[in-house]
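Architecture at a glance
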Amino acid sequence: MAAFAPKVDPLISRCQLGDKTAFRELFHRHRGDVGRIVQRMLGPVPEVEDIIQDVFIQVYRTLQDFQGNSKFSTWLYRVAVNTVLMHRRAQQSRPVLVAESTRPVPNDRLEPDEEAARRERIRAFYAVLDRLPEKKRTVFILHEIEGMNPKEIASLVHAPALTVRTRLFYARRDILRMMQQEPALASLASELLGSDDDQPSSEEES
Amino acid sequence: MNQPLDARWLKKVAQKIAETSPEFDWDRVETAVFQRLEREPAPRAPSSPAAYGRAVTAGLIAAAVAALTLSVSQTPRHDLSTALAGPTVHDAVPADIVATHEPQAFEHEQWARFHLHAPGRLRVLRMDDRVSLHLLEGKLEVDVSRRDALEAVTIRAGNVRVAVHGTLFSVELREGVVQTQVQQGSVVVGPASRGNTEGWLLIGPSTGYFDATIGQRVAGHSYVDQPLVLHRSETPSSPPVIVQPTQPQRDLSAPSPVASPKIRPPQPLPNALDDHLAATTLQAIRQNITACYRRHLPSSNEGVTIHAQIHISIHVAPDGHVTFARFDPPLSPRAQSCASEAVQNAAFPSARESSVLELSMQLSP
């Protein structure tokens, strides 16, 4: 029986041959997707652009491994997710500075700039997510924020879809528990939802 | 009307986050990516999928072995980045630089210069767009001019990790103490271990002393400081001597002890695990990591093979679960992910206290 070689996009084939012009085109075509997934997995941290660079360098190094057996976007996501996870592991091995500037500063002043306030709330939400174990955190972000289904996530994290669903269940439960136990987080949740009618808010009671 | 915090509500919060579109300076990212690509070796030429696993891989492995087998007969280079370049540096046995009688000076891509005093020994763990070194003995002076990447250079000495933030400084390992002197810029010093550790920011000019075993700061250390005179020569004074590392090797072929099936009366828990008590689990970890390595680094069929020697520190909680593990050096991303999972999933016997187990192993395809 004849074997069928998967068809690979000509642009990717050119990149695999070391054509940097083609790789530049690949970069332009996919940078938005890579930027979005890296940003959402890491949250608003300053090194996001560095990690995006790392993703594309890793793509360049390993593009030979892509043989067209899956969609290129799926393969690219896998590289991006793995790069982010490696970065986070490396971050965990780095010491936390004992310096005033690195300690959480209570934000007791109102930001006049609404955009800055919104960013601060997002940062705080990622701080909640950072309290989750890495596997649950990854699954939660990919599903709830990135909008992937468990089957897609399973192929990215090399785990059965059922395991992904289980991690998702426990991730949600843990986040809700953290938010319920800390009033500050519950109020953050209200702020994140803005003026939605169905938001849960302790302030609405009063 | 109030509603409890539930999954539906949480989904809405996540969707709010998803609505935010990230903004990047794509021109800057693109420029940086393609500058870095200029330093990358050309990718392997693809062929048919069937041939991919044989001829191309064999050529790649042969090239990697040639690049990494830095025998004494090869002419030493001043610029280690040339000698050590390659995408598989992490998978291979790292090279050592030894200053026996004369100091050794070298540089990397014109943004990092190093001066190893004699006697001294330095292991190069990584040297591409970032530099990671392990100071095994002696004193190393470092001059890093690059400021575009956080912690572009890291140096380990004992259990102390020094991360460089664009600076001029030295690290000296002596009598179980790591002395870090910063002349310009700043470095972060802390334990070379995972987890929630604390570090110290040294801003030049300043000096800090750290216990090489536990990675903690030592107050009022007694040995006398020498004035910090750093060598900022533009060209290396003498070529470095590169030798193969001399890490201790274990006989992996020897079978590890197997737990006896005999029923024994309950025994008090040991205070901590040792190699004997953890032998069965360590042997299982060895087998799983070897399988990971073989799965993700296929051997060629032309007799060229890559061996890697790694050391793993495994921290075990009293209930027997692994709290964290450190691989030195790390494997390639896929092999590392697989190996990390193998360690994380290991279940050790219980003990009264936490334990730290050391595992050295040689990996062969």
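Report follows, based on the coordinates. In this text, all values refer to a predicted model and were calculated from it rather than measured experimentally.

Before going further, it helps to spend a moment on the environment of B:H311. Residues and elements named next belong to chain B. Relative to the assigned elements, H311 resides in strand β14 (residues 308-316). The exposure class assigned to H311 is partly exposed, which follows from the 14 C-beta atoms found within 10 Å. Along the primary structure H311 and E358 are separated by 47 residues, whereas in three dimensions their C-alpha atoms are 7.2 Å apart. Aside from chain neighbours lying at most four places away, what touches H311 is D328, E358 and S360.

Residues and elements named next belong to chain B. Spatial ordering of the open sheet is given by β15-β14-β16, a layout of 3 strands whose pairing is antiparallel. Unpaired on one side and paired on the other, β15 (322-328) and β16 (355-363) mark the two borders of the sheet. Neighbour-to-neighbour, the strand axes of the sheet open up by a mean angle of 20°, direction not taken into account. Pairing of β14 with β16, which is carried by 9 bridges, proceeds in the antiparallel orientation. Paired with H315 across the strands is V356, a residue of β16. The sheet strands contacting helix α5 (residues 279-296) are β14 and β16, and the helix crosses β16 at an angle near 40°. Packed onto the sheet, helix α6 (residues 333-344) meets β14 and β15 and runs at close to 145° relative to β15.

A few words now on the packing of helix α3 (residues 48-62) of chain A against helix α2 (residues 26-38) of chain B. At a minimum axis distance of 9 Å, the contact between α3(A) and α2(B) shows a crossing angle of 40°. As summarised for this structure, α3(A) and α2(B) are arranged oblique, according to the angle between their axes. As for how α3(A) packs across α2(B), the hand of that crossing is right-handed. Across the interface between the two elements, A:E49, A:I52, A:Q53, A:F56, A:I57 and A:Y60 from α3(A) touch B:R28, B:V29, B:A32, B:V33, B:R36 and B:L37 from α2(B). Considering only residue class, the contact of α3(A) with α2(B) consists of 8 nonpolar, 1 polar and 3 charged.

On to the packing of helix α2 (residues 20-42) of chain A against α2(B), then. Interhelical geometry of α2(A) versus α2(B) gives an angle of 145° and a closest axis separation of 12 Å. For the crossing formed where α2(A) meets α2(B), the hand is right-handed. Facing A:K20, A:R24, A:F27 and A:R31 of α2(A), the residues of α2(B) in contact are B:W26, B:E30, B:V33, B:F34 and B:L37. Broken down by class, the residue content of the contact of α2(A) with α2(B) amounts to 5 nonpolar, no polar and 4 charged.

A word on the nonpolar core. Core analysis: the biggest nonpolar cluster contains 46 residues, and A:V38, A:I52, A:V55, A:F56 and A:A80 have the highest contact counts within it. Beyond its immediate chain neighbours, meaning those up to four positions away, A:A80 contacts A:V34, A:I37, A:V38 and A:V55. Core analysis: the second largest hydrophobic core is formed by 40 residues, B:M127, B:V131, B:Y209 and B:A212 among them.

The next subject is the pairing of β15(B). All names here are of chain B. Bridging between β14 and β15 involves 6 bridges; their strand directions are antiparallel. Note on β15: the bridge partner recorded for I312 is F327. Connecting β14 to the antiparallel partner β15 that follows it, the hairpin turn spans 5 residues, and G320 within it adopts a positive phi of roughly 100°.

Parameters at a glance
Residues numbered from 1 in each chain as written. Chains lettered and ligands numbered in written order. Predicted model: local features only at pLDDT ≥ 70, side-chain atom pairs only at ≥ 80, totals over all residues. Helix = DSSP H or I, 4+ residues; strand = E, 2+ residues; numbered from the N terminus. Buried ≥ 20, exposed ≤ 12 C-beta atoms within 10 Å, placed from the backbone. Contact = placed C-beta atoms within 7 Å. Pairing = 2+ DSSP bridges. Axes fitted to C-alpha atoms, helices over the stretch in contact; angles between N-to-C directions. Parallel < 35°, antiparallel > 145°, perpendicular 65-115°, else oblique. Left-handed = near helix turned anticlockwise from the far one by under 90°. Nonpolar A, V, L, I, M, F, W, Y, C, P; charged D, E, K, R; others polar. Core = buried A, V, L, I, M, F, W, Y, C linked by C-beta atoms within 7 Å.

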